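Here is how the chains run, residue by residue.
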Amino acid sequence: MSNRMWGGRFASGPAEIMEEINASIGFDKRLAPQDIRGSLAHVAMLGKSGILPSADVAAIEDGLKTVRAEIEGGGFVFKRELEDIHMSVESRLTEIVGPTAGRLHTARSRNDQVATDMKLWVRDTLDSLDEQAAGLQRALAEKALAHAATVMPGFTHLQSAQPVTFGHHCLAYVEMLARDRGRFRDARARLNECPLGAAALAGTSFPIDRHATAQALGFDRPTANSLDSVADRDFALESLSAASICAVHLSRFAEELVVWTSAQFNFVRLSDGYTTGSSIMPQKRNPDAAELVRAKSGRVIGALTGLLIVMKGLPLAYSKDMQEDKEGTFDALQALSLCLAAMTGMVRDLKPNADVLARAAGSGYATATDLADWLVRELGLPFREAHHVTGRLVGAASARDIGLEELSLSEMQEAEPRITDAVYAVLGVENSVSSRTSYGGTAPDNVRTQATRWLALLDAPSGAA
Ligand code: ARG
């Protein structure tokens, strides 16, 4: 049998394999709520604009609500021969209200319909990702406040660099998430134009009111060019790109958790709730959740790359290629949501091992810069020269496998005769971190101020990013 929706000029139905490659119902059925919402706005507008009589509008509205209830109740049967969600809904509507259902598609096409549905879905998803990211920021800021003075090694090149505080490290991710949230919001603001009424590609001759449908669906305005309206998937690309950056942030943090929970580092302890055991090695506590967060960034970036390649070189306006926007977008944004949830749980539960961190913070000559700074400040040495003197002292200490603070004063004075006892004060990690009071620096007071500022911002009604 030829397709009931578009089969007028077809004598026979599609080949089996055609149906399989063509159908999107398997994955776009999740757009049912958005699709019905769009149809309700469209039919109400058709009525108000005098295009459809109110009796037809009422019948279609009732029918759409019935379809919605059937889908929500799980009783709706999705059929592959109906191709996609748009035709599935319309077909069922026809069974319920009869031929009047056919009037719903006046001044509309599946091309503007699917663009509208996708925008509505992506918009809702961006809102919930923003909220989840705020939740993770809150968890991190709370950890930061609790550990504003917990010293740990700071790294560059994954080599001990200078001591920092655990709270400072947590707040670095709060900043990253703030930019992520900014990107989610930017993407949302830019996508918020309604394509409905662009019809197939050229607009329509019916006197529709696109401003009314845009408003009814919570869009800021209708899109201004009908070709662009149905050909645009920037909103998905932009959201995936924001999602990819966020996923990369989470992946970096996840990698740190994997390293930090290893027996060799032992910097933090993840709760039982976020670790797994090994079936053969009883001592193991594997950070599987962190590993999966690290890995899932691959899916998100893959979806972005995939869709960029789908869109590249597509002529205006709609091409069926664009149906391939869905699975990747759904999968990627869902994966990110799961990663945010898992990360929030891990952060809430994790416990830094303060003793191990303090010991590690002092190792690797992490206070060498403090010594060089002291030479500059107290003895007026140019920084380059101070760097050189310090280098010699580090060399002397490491040759004997001792810490800088274990060198005697006379050994120090061999490198620079004017060094005094007072130098030992700056060689301790606590002193090191509390001296880093420059704006944005790691001093515990700074960390407390920043963590408190974030917690207040996050509790404000706007949940500001
Ligand atoms: N299922 C299609 C999609 O996801 C809907 C649009 C179909 N339009 C068309 N002219 N065949 O893109």
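Use the structure listed above.
Overview of the structure.

Moving on, we get to the overall build of the protein chain. For the protein chain, the helix and strand inventory stands at 18 helices and six strands. A compact globule built from 465 residues should have a C-alpha radius of gyration of about 23 Å, whereas the protein chain, at 30 Å, is more than 25% larger. If you line up the protein chain on its principal axes, its C-alpha atoms span 100 × 50 × 40 Å. Sorting the 465 residues of the protein chain into buried and exposed places 49% on the buried side. As displayed, the protein chain has an accessible area near 21600 Å², and 54% of this comes from carbon and sulfur atoms. Side chains of the protein chain give 48 positive and 58 negative charges; the mean places of these two sets differ by 2 Å.

Contacts to the ligand come from Ser24, Asp28, Asp84, His86, Arg110, Asn111, Val114, Tyr318, Gln323 and Lys326. Here an oxygen atom of the ligand and a side-chain polar atom of tyrosine 318 are 2.5 Å apart. One nitrogen or oxygen atom from the side chain of lysine 326 is found 2.6 Å from an oxygen atom belonging to the ligand. When the ligand sits alone it has 340 Å² of accessible area, and the protein chains cover 86% of it. Top element by residues in the shell around the ligand is helix H6 (residues 110-146). It accounts for three residues. Residue composition of the shell around the ligand, grouped by class: two nonpolar, four polar and four charged.

Its place among the elements puts alanine 200 in the loop between strand E3 (193-194) and helix H8 (210-216). The class of alanine 200 is partly exposed, set by a relative accessible area of 34%. With 26 residues separating them along the chain, alanine 200 and serine 226 place their C-alpha atoms 8.3 Å apart. If sequence neighbours within four positions are ignored, alanine 200 has contacts with Ser109, Asn111 and Val230.

A word on the packing of aromatic side chains. By the definition in use, this model includes eight aromatic pairs. Between the aromatic rings of phenylalanine 166 and tryptophan 260, the centroid separation amounts to 5.9 Å while the plane-to-plane angle is 50 degrees, which identifies the pairing as tilted. Remark: tryptophan 260 occurs in helix H10 (residues 234-260) and phenylalanine 166 occurs in helix H7 (residues 166-191); sequence separation between them is 94 residues. Summarising the burial analysis for this pair, phenylalanine 166 and tryptophan 260 share the class buried. When the ring of phenylalanine 265 is compared with that of phenylalanine 267, the centres are 5.0 Å apart and the planes differ by 75 degrees; the resulting orientation is edge-to-face.

Turning next to a nonpolar patch on the surface. A surface patch of nonpolar side chains, about 270 Å² in accessible area, is lined by Leu201, Leu227 and Leu316. Examined against the element boundaries, leucine 316 turns out to sit in the loop between helix H11 (288-311) and helix H12 (325-349).

Here the focus is the packing of helix H4 (residues 54-73) against helix H5 (residues 85-97). Relative orientation of the contacting elements H4 and H5 amounts to 120 degrees, with a least axis distance of 9 Å. The angle between the axes of H4 and H5 places the two elements in the oblique class. Between H4 and H5 lies a crossing whose hand is right-handed. Where H4 abuts H5, its residues Ala59, Ile60, Gly63, Leu64, Thr66, Val67, Glu70 and Ile71 lie against Val89, Arg92, Leu93, Ile96 and Val97. In terms of residue class, the contact of H4 with H5 is built from nine nonpolar, two polar and two charged.

Our next topic: the environment of proline 207. The residue proline 207 is located in the loop between E3 and H8 in this model. For proline 207, a relative accessible area of 56% gives the class exposed. Separated by 83 residues in sequence, proline 207 and aspartate 124 place their C-alpha atoms 30 Å apart.

Below, the discussion takes up unusual backbone geometry. In this model, leucine 316 is joined to alanine 317 through a cis peptide bond whose omega is 0 degrees. Of note in the backbone geometry, alanine 107 takes a positive phi value of approximately 60 degrees without being a glycine. Structurally, the position occupied by alanine 107 is in the loop between H5 and H6.

Here the focus is the pattern of salt bridges. A complete count under the given rule lists 27 salt bridges for this structure. The partner of arginine 80 in a salt bridge is glutamate 19, and the shortest N-O contact between them spans 3.1 Å. A residue pair is termed long-range when its members are at least 10 positions apart, and arginine 80 in the loop between H4 and H5 and glutamate 19 in helix H1 (residues 16-22) qualify at 61 residues. What makes arginine 80 partly exposed here is its relative accessible area of 29%. We note a salt bridge from arginine 299 to aspartate 331, for which the minimum N-O separation is 2.5 Å.

What counts and how
- Position numbers for residues start from 1 in each chain and track the written sequence from start to end.
- With the structure being a predicted model, the display of local features is reserved for residues of pLDDT at least 70 and the display and counting of side-chain atom pairs for 80 or more, all residues being used for whole-chain, interface and lining totals.
- Computation of side-chain values: all heavy atoms of the structure, hydrogens and water removed.
- Strands here are runs of E lasting at least two residues and helices are runs of H or I lasting at least four, both read from the DSSP assignment and numbered beginning at the N terminus.
- Taken over C-alpha atoms, the radius of gyration is set against a globule rule of 2.2 Å times the number of residues to the power 0.38.
- Partly exposed describes any residue whose relative accessible area lies between the buried limit of under 20% and the exposed limit of over 50%, with all areas from a 1.4 Å probe on protein chains only and scaled to the type maximum.
- Per-residue accessibility takes into account occlusion by the displayed protein chains alone, with areas from the Shrake-Rupley method and a 1.4 Å probe.
- In this tally, Asp and Glu contribute negative charge and Lys and Arg positive charge; neither His nor the terminal groups of the chain are included.
- Positions of charges follow a simple convention, taking NZ of Lys, CZ of Arg, CG of Asp or CD of Glu.
- It suffices for a single heavy atom of a residue to lie within 4 Å of a molecule or strand for the residue to be listed as near it.
- Any N or O atom pair separated by 3.5 Å or less is treated as a polar contact, with the protein-specific requirement of one donor-capable and one acceptor-capable atom, and with residues adjacent in sequence counted only for side-chain atom pairs.
- Polar here means any residue outside two lists: the nonpolar Ala, Val, Leu, Ile, Met, Phe, Trp, Tyr, Cys and Pro, and the charged Asp, Glu, Lys and Arg; Gly therefore counts as polar.
- Residue contacts follow a heavy-atom distance rule, with two residues in contact if any of their heavy atoms lie within 4.5 Å.
- Two aromatic rings from Phe, Tyr or Trp, using only the six-membered ring of Trp, form a pair when their centres are within 6.5 Å; if the ring planes differ by under 30 degrees the pair is stacked, by over 60 it is edge-to-face, and anything between is tilted.
- Exposure above 30% relative accessible area and no salt bridge define the residues that can form patches, which grow by joining like charges within 9 Å and nonpolar side chains of Val, Leu, Ile, Met, Phe, Trp and Tyr within 5 Å.
- By salt bridge we mean one thing: a side-chain nitrogen of Lys or Arg within 4 Å of a carboxyl oxygen of Asp or Glu.
- Axis definition: a line fitted to C-alpha atoms, limited for helices to the stretch in contact. Angles are taken between N-to-C directions and run from 0 to 180 degrees.
- For this classification, under 35 degrees means roughly parallel, over 145 means roughly antiparallel, 65 to 115 means roughly perpendicular, and everything else is oblique.
- Each crossing is labelled by how the near helix is turned from the far one, with a counterclockwise turn of less than a right angle marking it left-handed and a clockwise turn marking it right-handed.

Everything listed here is a matter of geometry and, on its own, says nothing about what the molecule does.
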